Amino acid sequence: QQPVQSPQAVILREGEDAVINCSSSKALYSVHWYRQKHGEAPIFLMILLKGGEQKGHDKISASFNEKKQQSSLYLTASQLSYSGTYFCGTGPLSNFGNEKLTFGTGTRLTIIP
Amino acid sequence: DVKVTQSSRYLVKRTGEKVFLECVQDMDHENMFWYRQDPGLGLRLIYFSYDVKMKEKGDIPEGYSVSREKKERFSLILESASTNQTSMYLCASSLMGAQRQPQHFGDGTRLSIL
């Protein structure tokens, strides 16, 4: 079963903050985040592993709450270049040696000047 | 930089044809994946391979098969194409231990079945 992402779409003005959530019905070992611009390949952002860590680079960070089986992606002071569709990919705890990820349906983020 | 190359950006085929989508990666990755991307449905895994000649079904394998004869190349085969297989197909690769490793995606093949 695919993880559920919310919101499905969001429109922000440049400089505003955004939070994208990813929730799974299964216990998780890992959460991946990717961004895809229209007509391009998805690009890797970050991986979070079991342990509840928080990660970030530049003004994009993410948290992983393993008890709640969810992850959140935080985009602060958004820039026009942040526009795109964001996908989370989850790896189950039950098969943590498994090579397979299950991706969510995506969150479309539009940043306007 | 990792390069994942898909053979065609756009492809138009007819119902009933056998269709081959090719993917090549240049970073000696053990894992290779085929996804299908449809509006509102995100990325859905069709098949993946963790070694030469090894494959596992993903979430939507029906109507598809795969081949991995060499480590760098992973082919997706539509045995008898149908209109409901019109979609964007994405190939990806990663090092072993995919839960800890980023996946690197190709630019995709937009396949239309008429």
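The rules we used
- Counting starts from 1 at the beginning of each chain's written sequence and moves along it residue by residue.
- Following the order in which they are written, the chains are lettered starting with A and the ligands numbered starting with 1.
- Per-residue local features are limited, in this predicted model, to residues with pLDDT of at least 70; the limit for side-chain atom pairs, both in listing and counting, is 80 or more; totals at the level of whole chains, interfaces and linings are taken over all residues.
- Values reported for side chains reflect all heavy atoms of the structure, with hydrogen atoms and water molecules removed beforehand.
- In this scheme, strands are said to pair when DSSP sees at least two bridges between them.
- Each helix is a run of H or I in the DSSP string that is no shorter than four residues. Each strand is a run of E no shorter than two, and both are numbered from the N terminus.
- Helix axes are fitted only over the stretch in contact, all axes being lines through C-alpha atoms; the angle between N-to-C directions runs from 0 to 180 degrees.
- Between two residues, a contact is recorded if the distance between any of their heavy atoms is within 4.5 Å.
- Values labelled buried area give the accessible surface lost by two parts on being combined, using a 1.4 Å probe and summing over both.
- Just to be clear on terms, a salt bridge is a Lys or Arg side-chain nitrogen sitting within 4 Å of an Asp or Glu carboxyl oxygen.
- Pairs of N or O atoms are called polar contacts if they sit within 3.5 Å, as long as, within protein, a hydrogen donor faces a hydrogen acceptor (for residues adjacent in sequence, only side-chain-to-side-chain pairs).
- Put simply, Ala, Val, Leu, Ile, Met, Phe, Trp, Tyr, Cys and Pro go in the nonpolar bin, Asp, Glu, Lys and Arg in the charged bin, and everything else, Gly too, in the polar bin.

Asker: Teacher, can you tell me more about the sheet that holds strand S7 (residues 64–70) of chain B here?
Answerer: Residue and element names in this part refer to chain B. One open sheet holds the four strands; their spatial order is S1-S3-S8-S7, and the pairing between them is antiparallel. Whereas interior strands pair on both sides, the edge strands pair on one side only; in this sheet they are strand S1 (4–6) and S7. Ignoring which end each strand starts from, the neighbouring axes of this sheet average 20° apart. Of the pairings in the sheet, the one linking S1 to strand S3 (residues 19–25) comprises three bridges and is antiparallel in character. Along S3, the bridge assignment pairs Gln6 with Cys23.

Asker: I'm lost on the pairing of strand S8 (residues 70–75) of chain A in this one. Help?
Answerer: If a strand is regular, its side chains alternate between the two faces of the sheet. Residues and elements named next belong to chain A. With six bridges connecting them, strand S3 (residues 18–23) and S8 associate as antiparallel partners. Within S8, the residue paired with Cys22 across the bridge is Ser71. Relative to S8, strand S7 (residues 60–65) runs antiparallel, the two being bridged by six bridges. Opposite Ile60, over in S8, you have Leu75 as the bridge partner. Counting the residues that bridge the hairpin from S7 to S8 gives four residues, and of these Gln69 lies at a positive phi of roughly 55°.

Asker: Help me out: how do you make sense of the interface of chain A and chain B in this one?
Answerer: With 25 residues of chain A at the interface, the matching set in chain B holds 27 residues. Around 2,000 Å² of area is buried between chain A and chain B when both sides are counted, 53% of it from carbon and sulfur atoms. Inspection of the region where chain A meets chain B yields one salt bridge. Counting the contacts that link chain A with chain B gives nine residue pairs in polar contact (both at pLDDT 80 or more). Residue assignment for the side of chain A that touches chain B shows that the elements contributing at least two residues are strand S4 (28–36), strand S5 (43–49), strand S9 (84–92) and strand S10 (102–103) of chain A. Looking at the side of chain A that touches chain B, the element that brings in the most residues is S4 of chain A, giving five residues. Grouping the constituent residues of the side of chain A that touches chain B by class yields twelve nonpolar, eleven polar and two charged.

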